[in-house]
Structures are given as structure tokens and as C-alpha cells.
Amino acid sequence: MALRFFNTLSRSVQDFVPLQPDAKRAGLYCCGPTVHDFAHIGNFRTFVFTDLVRRCLEFKGYAVRHVMNITDVEDKIIQRVAETKASLREYTAKYEAAFFEDFQALGCLRPHETPRATDCIADIISLIGKLMERGMAYRATDGSVYFSIEKYQARGGRYGQLLKLNFEEMRPGQRVSSDEYAKEAVADFALWKARVPADGPVFWPSPWGEGRPGWHIECSAMSMKLLGPSFDLHMGGEDLIFPHHEDEIAQSEGAGLQAPRQPFVKYWLHGAHLLAEGKKMSKSLGNYFTVRDLLAKGFTGREIRYLLLTAHYRETFNFTLEGLQGARTALGRLDECLGKLREAAAGATAPPDESLLQQFTAALDDDFNVSAAWGAIFEWVRNNNRLAVSGGMRPEQAAAGLAAWQKIVSVLGLVPIESAGIPPPCLALLEQRETARKAKDFKRADALRDQLKSEGWIIEDTPKGARLKRF
Ligand code: AMP
Ligand code: ZN
């Protein structure tokens, strides 16, 4: 079955057919973090979902090129740079490094490219230059350069492709924002922001004077630089649909770099928000947890990832600590079942259980229906438990289940992070030791610990669970 999902551009569920279907390649861009502070788990809901999409595509045989930008220049960052007297790079480096640590703790695969806006100023200036040449941008009396929606539309550009906009409310000549008073129309947006005293040392030279790039142009410049003027998939949280993504389309198609009748992006995929107490989790509301807040409470990245992957991406989802506790219990059941299967398989090998794999892939192919995917997995867990109790689990059957699980887990990305680089048989011994401990069979638990030691691994019992370390 083909992968299908909801394309915000067509407002319908569509089959995924990449721009170069024969090459089985897919270009994927996701708007990355603004590194002014630690990211919260709401932000990570979007990044974990993007990681799932990438892994699904790879599972289906696509060679994915995944790009995620780092927004390292914007108002809040400039304000913090002024307050802390650090340089821009010194200030953002700390949060960028923290972001990637958290990203890894949640089992996300590192994108192939992670360009920083400040490393792409020349590309941004060149794109603004093209828009100026084509008469779609103008320099206003405040020295800033704006994108003209009127001129874009006059040349056939379609503004409002992602969202039906009320242009009556955006009549030219109105003024809204005090720091953008010079633009000709309310809906016009800044491509280049002229330097003001509050920017301190944060500015770059440009043909239009010193200043810094607007946020939207960064993503157009970086995505087209690394994926070409037309690419397959663009992702982000639903709050980015307007104006950020709408403006990205206008700038990128306005520059006219695409081949005739080719769009800037074929599929737009937006994730719904993570809520806390019924409201969007956000820094400004103060209702947020960072990944490190939750790790400090003893939860693991794997448990957070699991929880974020239990809800359908188009549904808002309320985060609670009880929910995270529930994620721990569910993963515990799954791990216990895997431990039993490893014991039952006793070294046997078999091709993957096709029925389980088929149910799992059919669910994800259907607009990333994770609920149906988890339904199939936990049904399988229940069956395994029944067979284990009745003693009816054959080694080949256990091995087939484990082989299917290996594939499933490569898509869900729920491998214990601590297990990276540890041989699977040793992991199996660790799981058996955990099962024995839970069953208070300390003799067996100690024997398994000694066996691991003879293989060169020692067990470290941490608040986050048992881990293996090289002896
Ligand atoms: P930012 O660092 O604010 O630029 O946001 C990074 C990403 O997180 C963007 O794709 C946002 O749409 C997304 N995001 C922000 N808040 C939430 C939330 N509460 N739930 C899901 N995604 C979010
Ligand atoms: Zn963006």
C-alpha cells in the first residue's frame, strides 16, 4: 500500500508520490529550533513526528535527505545577547548543543544538514536580491526591505495557498506593528530588517544597508540551497502554517527559481500542538517541561518519545506527568514481553512475522495512524503473553516475532538509547536479569550479572533503569 497523509496544501489525504518517483529520493525540510533557550517537549513533539516521518520513508526504501535549520538570530536572541554581553555565537552555542543532546535523548536521527541562519547570510542576501530584481520587494523609508504581496499577486503569485486568508482585513495602507511602520501594506513582511541601536553588535552588511534577515526568508534560502528550488516535503508545527509557511511559499515561488509548473514544495505536513492543562505548551505561557526537566524526574528519553508517539499527529494532545507514568508502564509491558520472546527463541532465527509487520505498516501508511499501529503491537503482546503462560510458544515463532519487532522498532525509534553499540545478546541478558529481579529470583539475576561480566559488561543500576557499561 502507498503511504498517504494529509497535505495542508490540498487540504486532503493524498498518496505520497515524490517529485522524482523513479529515483526513490525524498527531500524533507523541517523548520528547526530557535536557540534562545532550552526547547520544550511541545517543540519536540514536532521534531519526534518529523523523525517518525523520515524513518517511515526510509523503511519504505526512500533515500531521504533531511534538512533542519537552526534559527540563531531573532529578537529574543538579540535581547539576551545584549543582557548577557556574550557574542551571538557564544550565546546560541549553549542552547544549540543542549537542543541536540535532547534530540538524541529522544532517539531522533540527526538530520543530514543542520544549517544555521547566520552561516547562510550570503544565500539569504542573494535570494532577497532576486526578489528585488523581479520587483517583488521594496526598500522602505525605515531602511528595511519588505516583500510586497500586491506585486507578487499582480505577477500571478497565489498568496494564501495554505490558509484561506481574509484580505479585507489586510487592506493596503493599514499599519499594525510599530516596528514595521514603514511597510506599504499590513500583510507585507520583512525580508531584511534595517539595523537599529537595540541590535548592538548583531548586524551584517548588505546592498540595502546594515541589518539582519527576517525569519521567513531564512527558511526559503536554506531549504532551496540544500534541497533545490522544488522539493517533496516541508514540515513544522501547525502554528507555522501562517504566516511563516505562507510567506516561505511566496518568497520561494516569487523568486521564480522553480521549473515551469513545479511548486516550491509538493507536500506540507503540519503537526498539532502539545498542550499542557488544555493550552498550547509554550514558553510565554510558562506551562512547559523541557526534556531535561523530565530526565531529572527520573524519566527516560525513550519514555518521553513513546508518549509523544501515542497520539495522532493531527490531534492536539494534553501532556501530563501521569500520562508519562502510563508510558513507562506500557513500555515495561512491551519490554517484559520482548524478554520472554528472547528467552523462548533461545537463539533460534526465523523470517519476520509478516502478519504483525503488515498490520503495523498498513496503520502507518494510513496517515501515520499510530493508534492503529500501537493497537496491533499490544494485541501481539497479549497473544505472546498468553502463549508464554500456556507454554505454547515455539522458538521459531518467538524468533519471527522478534525479527518483526526489529523492523518495527527501527521505524518507531524506541531502541533504548543506552543500548547503542551493545551487542543484542548482551542486551537480552540484561533484560532477562531485569525480569528475574522483578520476579524476585535474585539467584538467577546474579547469575545473569556474572554472565554479562564474563562477556565484558557490568550493570549499572541508575534511577533511569539498568544500563550496561564496558568492564
Ligand atoms: P521554535 O523553536 O519556537 O521556532 O519552534 C520549533 C518548532 O516547535 C516549530 O515547528 C513549532 O511549530 C513547534 N512547536 C512550538 N510549540 C509547540 C507545541 N506546543 N506543540 C507542538 N509543536 C510546537
Ligand atoms: Zn521555517
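The coordinates are above.
A brief look at the structure comes next. (Residues numbered from 1 in each chain as written. Chains lettered and ligands numbered in written order. Predicted model: local features only at pLDDT ≥ 70, side-chain atom pairs only at ≥ 80, totals over all residues. Heavy atoms only, no water.)

**With respect to the overall build of the chain**
Now for step 1: Regarding its fold elements, the chain presents 15 helices and 15 strands.
Now for step 2: Here the C-alpha radius of gyration of the chain, 25 Å, is about what a compact globule of 471 residues would show, namely 23 Å.
Now for step 3: By principal-axis analysis of the C-alpha atoms, the chain measures approximately 80 × 50 × 40 Å.
Now for step 4: Burial statistics for the chain: of 471 residues in total, 52% are counted as buried.
Now for step 5: For the chain, the exposed area adds up to about 21,100 Å²; of that, 52% sits on carbon and sulfur atoms.
Now for step 6: When the 60 basic and 59 acidic side-chain charges of the chain are each reduced to a single mean position, those positions are 3 Å apart. (Helix = DSSP H or I, 4+ residues; strand = E, 2+ residues; numbered from the N terminus. Rg over C-alpha atoms; globule rule 2.2 N^0.38 Å. Buried < 20%, exposed > 50% of the residue type's maximum accessible area, 1.4 Å probe, protein only. Areas by Shrake-Rupley, 256 points an atom, 1.4 Å probe, with all protein chains shown as cover. Lys, Arg positive; Asp, Glu negative; His and termini not counted. Charge placed at Lys NZ, Arg CZ, Asp CG, Glu CD.)

**Some remarks on helix α6 (residues 215–227)**
Now for step 1: Taking 1.5 Å of rise per residue, the 13 residues of α6 would be expected to cover 18 Å, and the 19 Å separating its terminal C-alpha atoms lies within 8% of that figure.
Now for step 2: Turning to α6, its buried residues are His 216, Ile 217, Glu 218, Cys 219, Ser 220, Ala 221, Met 222, Ser 223, Met 224, Leu 226 and Leu 227.
Now for step 3: Among the residues trailing α6, Gly 228 stands out with phi positive, at a value near 90°. (Expected span 1.5 Å × (residues − 1).)

**A closer look at the site of ligand 1**
Now for step 1: The local shell around ligand 1 holds 17 residues, among which Thr 34, Gly 42, Thr 46, Asp 239 and Leu 274 are the closest.
Now for step 2: Measuring from a nitrogen atom of ligand 1, one finds a backbone N or O atom of Gly 42 at 3.0 Å.
Now for step 3: At a separation of 2.9 Å, a nitrogen atom of ligand 1 approaches a polar backbone atom of Met 281.
Now for step 4: Coverage of ligand 1 by the protein chains reaches 89% of its 500 Å² of free accessible surface.
Now for step 5: Listed by contribution, the elements that provide at least two residues to the shell around ligand 1 are α1 (41–59) and β9 (231–237).
Now for step 6: Per element, the largest residue contribution to the shell around ligand 1 is four residues, and it comes from α1.
Now for step 7: Residue composition of the shell around ligand 1, by class: six nonpolar, nine polar and two charged. (Near = heavy atom within 4 Å. Polar contact = N/O pair within 3.5 Å; in protein donor to acceptor, adjacent residues only side chain to side chain. Nonpolar A, V, L, I, M, F, W, Y, C, P; charged D, E, K, R; others polar.)

**Things to note about the packing of aromatic side chains**
Now for step 1: Taken as a whole, this structure holds 28 aromatic pairs when the rule is applied.
Now for step 2: A ring pair is formed by Phe 49 and Phe 368, whose centres lie 5.7 Å apart and whose planes are at 85°; its orientation type is edge-to-face. Of this pair, Phe 49 sits in helix α1 while Phe 368 sits in the loop between α11 (354–365) and α12 (370–390), and the two are 319 residues apart along the sequence.
Now for step 3: Summarising the aromatic geometry, the rings of Tyr 313 and Phe 368 are spaced 5.9 Å apart at their centres and angled 80° between planes, so their arrangement reads as edge-to-face. Here Phe 368 lies in the loop between α11 and α12 and Tyr 313 lies in the loop between α9 (301–308) and β13 (317–319), a separation of 55 residues in the sequence. Taken as a pair, Tyr 313 and Phe 368 share a single burial class, namely buried.
Now for step 4: Among the aromatic residues, ring-to-ring pairing joins Phe 5, Phe 16, Phe 49, Tyr 62, Tyr 267, Tyr 313 and Phe 368 into one connected group.
Now for step 5: Above the ring of Phe 203, the side-chain terminus of Arg 195 is found at 3.7 Å from the ring centroid.
Now for step 6: Seen from the ring of Tyr 288, Lys 283 lies directly overhead, with NZ or CZ sitting 4.7 Å from the centre. (Phe/Tyr/Trp six-rings, centres within 6.5 Å; stacked < 30°, edge-to-face > 60°. Lys NZ or Arg CZ within 6 Å of the ring centre and 35° of its normal.)

**Looking at the sheet that holds strand β4 (residues 63–68)**
Now for step 1: Read from one edge to the other, the open sheet built from four strands follows the order β4-β3-β9-β10, with strand pairing classed as parallel. Each edge of the open sheet is held by one strand with a lone partner, namely β4 and β10 (265–271). For this sheet the average axis-to-axis angle between neighbouring strands, irrespective of direction, equals 20°.
Now for step 2: Bridge count for strand β3 (residues 25–30) against β9 is three bridges, and the pairing is parallel. Across the sheet, Cys 30 pairs through a bridge with Met 235, a residue of β9.
Now for step 3: Contacting β3, β4, β9 and β10, α1 crosses the sheet at an angle of about 155° to β9. (Pairing = 2+ DSSP bridges. Axes fitted to C-alpha atoms, helices over the stretch in contact; angles between N-to-C directions. Contact = heavy atoms within 4.5 Å.)

**What to know about the side chain of Glu 246**
Now for step 1: If you trace the backbone, Glu 246 turns up in helix α7 (residues 241–254).
Now for step 2: Of the side chains bearing the opposite charge, Arg 11 lies closest to the buried Glu 246, which forms no salt bridge; the N-O distance is 6.5 Å.
Now for step 3: At 2.8 Å, the side chain of Glu 246 forms a polar contact with the backbone nitrogen of Gly 160.
Now for step 4: Ignoring anything within four residues of it in the chain, the contact list for Glu 246 reads Tyr 159, Gly 160, Gln 161, Leu 162, Leu 163 and Ile 241. (Salt bridge = Lys/Arg side-chain N within 4 Å of Asp/Glu carboxyl O.)

**Digging into the pattern of salt bridges**
Think of it this way: side chains of opposite charge can pair up when their charged atoms draw near.
Now for step 1: Taken as a whole, this structure holds 32 salt bridges when the rule is applied.
Now for step 2: Ionic pairing is found between Asp 461 and Arg 433, a salt bridge with its closest N-O pair at 3.2 Å. Remark: Arg 433 occurs in helix α14 (residues 424–438) and Asp 461 occurs in strand β14 (residues 457–462); sequence separation between them is 28 residues.
Now for step 3: Arg 433 gets classed as buried once you look at its relative accessible area, which sits at 6%.
Now for step 4: Residue Asp 461 is classed as partly exposed on the basis of its relative accessible area of 45%.
Now for step 5: Among the charged side chains, a salt-bridge network with shared partners connects Arg 89, Glu 96, Arg 116 and Asp 119.

Spatial relationships are all this shows, so hold off on functional conclusions.
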